[in-house]
Amino acid sequence: MWGIVPAAGRGSRIQPLAFSKELLPVGSRIDHGEERPRAVSEHLVERMIGAGADKICFVIAPGKSDILEYYSSGYGGAAIAYVVQPEPAGLCDAIFRALPLIRPDESVLIGLPDTIWFPKDAYLDLPEDRLSFLLFPVEHPEFFDAVVTDEAGAVREIQVKRSGAESHWIWGAFRLPGAVLHELHALWLGRNRQDEYIGTLVNAWLAAGGRAVGVRTGRTYVDVGTLRGYHDAIGLLGGVDEIGNAEAARMVVGGPAGRSLAGRPLMR
């Protein structure tokens, strides 16, 4: 199973930083008996591995060699691969950069590396045989991609950053068969690559007869791509997690094969 991590964005909402926003320290981990800062993207990678991903593809910009240095060739038993998005061209373009690595018969997990969400094992709630979105309730869906479903959970529409969104449930991650990813790519090409956001492309795919489901098992979702979101994430991980652990930020995992974040400055 593949996990695709689109990490080519500039992170303009939280700049200036001395490193890629995906390496922003949020929480900590125990590495060889010592507590180390944990990069925000590690939270997503761990969730993917916990759901069965044994291969992770980071989509990076040309100047983001620090991500390659940090993760190197593996993390927590999963192999790490890298592809390059030459210039910012939207989430669809970033995700499809990984397509040459993925066979139609493989399962794929996709998430955003500057987010933290709970429950940690929610990927397991998503069916493997179709496009399925992990949904989270938020107070301001107009800042995200709101997902409108029917009573059975079938996706009717994704409302991309729309004022007055019909649903307060947004997608935070999704899963799909490799074959469906290839179908979406073919549709994207047929639409002259006009779709920057996954939501508009999925709407076109639904109109053409495609099917997707939304699964409302997400409970907490934080976008760490803003300064306020960063503070919220620190507070979330420093509090009580979903199983009552008062040290939620101190999780013991196998660290990246690359260099630790310890010693890196947070701001320029």
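Everything below is about the structure shown above.
None of these values were measured; they are calculated from a predicted model.

Enquirer: Where do I start with the overall build of the protein in this structure?
Expert: Scanning the protein from N- to C-terminus turns up 6 helices and 15 strands. Split into buried and exposed, the 268 residues of the protein put 53% on the buried side. Partitioning the intrachain contacts of the protein with sequence separation of at least 6 by distance along the chain shows that 72% fall at a separation of at least 24. Working note: accessible area of the protein is about 11,900 Å², and carbon and sulfur atoms make up 51% of it.

Enquirer: Help me out: how do you make sense of the pattern of salt bridges in this one?
Expert: Between side chains of opposite charge, a pair can form as their charged atoms come close. Evaluated as defined, the whole model comprises 13 salt bridges. Between Asp114 and Lys21 there is a salt bridge, and its shortest N-O distance comes to 2.9 Å. Placement of Asp114 in the loop between strand 7 (107–111) and strand 8 (115–118) and of Lys21 in the loop between strand 1 (2–7) and strand 2 (25–31) is noted, with a sequence separation of 93 residues between them. What makes Lys21 buried here is its relative accessible area of 16%. A salt bridge links Asp195 to Arg191; the shortest N-O distance between them is 2.8 Å. Residue Arg191 is classed as partly exposed on the basis of its relative accessible area, which comes to 25%.

Enquirer: For this particular structure, what's the right way to read the packing of aromatic side chains?
Expert: The geometry of an aromatic ring pair is captured by two quantities: the separation of the ring centres and the angle between the planes. The full count for this structure, using the stated rule, is 12 aromatic pairs. Considering the side-chain rings of Phe58 and Tyr71, the 4.7 Å spacing of their centres and the 35° angle between planes classify their relative orientation as tilted. Here Phe58 is found in strand 4 (residues 55–60), whereas its partner Tyr71 is found in helix 2 (residues 65–71), with 13 residues between them in sequence. Among the residues examined, Phe58 registers a relative accessible area of 0% and is labelled buried. Residue classification places Tyr71 among the buried residues on the basis of a relative accessible area of 0%. Taking 5.3 Å as the distance between ring centres and 40° as the angle between the ring planes, the aromatic pair formed by Phe133 and Phe174 counts as tilted. Residue Phe133 is found in strand 9 (residues 131–137), and its partner Phe174 is found in strand 12 (residues 169–177); the two are separated by 41 residues along the sequence. Of the aromatic side chains, those joined through ring pairs into one cluster are Phe58, Tyr70, Tyr71, Tyr75 and Tyr82. Lying over the aromatic face of Trp117, Arg47 brings its terminal NZ or CZ to 5.3 Å of the ring centre. The ring of Phe118 is capped by Arg47, whose NZ or CZ atom sits 5.1 Å from the centre of that ring.

Enquirer: Would you mind showing me how to read helix 4 (residues 178–190) here?
Expert: Turn by turn, an α-helix covers 3.6 residues, leaving residues three or four places apart pointing in a common direction. Here helix 4 is 13 residues long and its end C-alpha atoms lie 19 Å apart, about the 18 Å a rise of 1.5 Å per residue gives. For helix 4, the complete set of buried residues consists of Gly178, Val180, Leu181, Leu184, His185 and Trp188. Seen end-on, helix 4 carries its buried residues on one side only, within an arc spanning 155°. Looking one or two places after helix 4, you find Asn192, whose phi comes out positive at around 60°.

So, how was this worked out
- Residues numbered from 1 in each chain as written.
- Predicted model: local features only at pLDDT ≥ 70, side-chain atom pairs only at ≥ 80, totals over all residues.
- Heavy atoms only, no water.
- Helix = DSSP H or I, 4+ residues; strand = E, 2+ residues; numbered from the N terminus.
- Buried < 20%, exposed > 50% of the residue type's maximum accessible area, 1.4 Å probe, protein only.
- Contact = heavy atoms within 4.5 Å.
- Areas by Shrake-Rupley, 256 points an atom, 1.4 Å probe, with all protein chains shown as cover.
- Salt bridge = Lys/Arg side-chain N within 4 Å of Asp/Glu carboxyl O.
- Phe/Tyr/Trp six-rings, centres within 6.5 Å; stacked < 30°, edge-to-face > 60°.
- Lys NZ or Arg CZ within 6 Å of the ring centre and 35° of its normal.
- Expected span 1.5 Å × (residues − 1).
- Arc of directions from axis to C-beta.

Interpretation note: all reported values are geometric properties and have no functional meaning in isolation.
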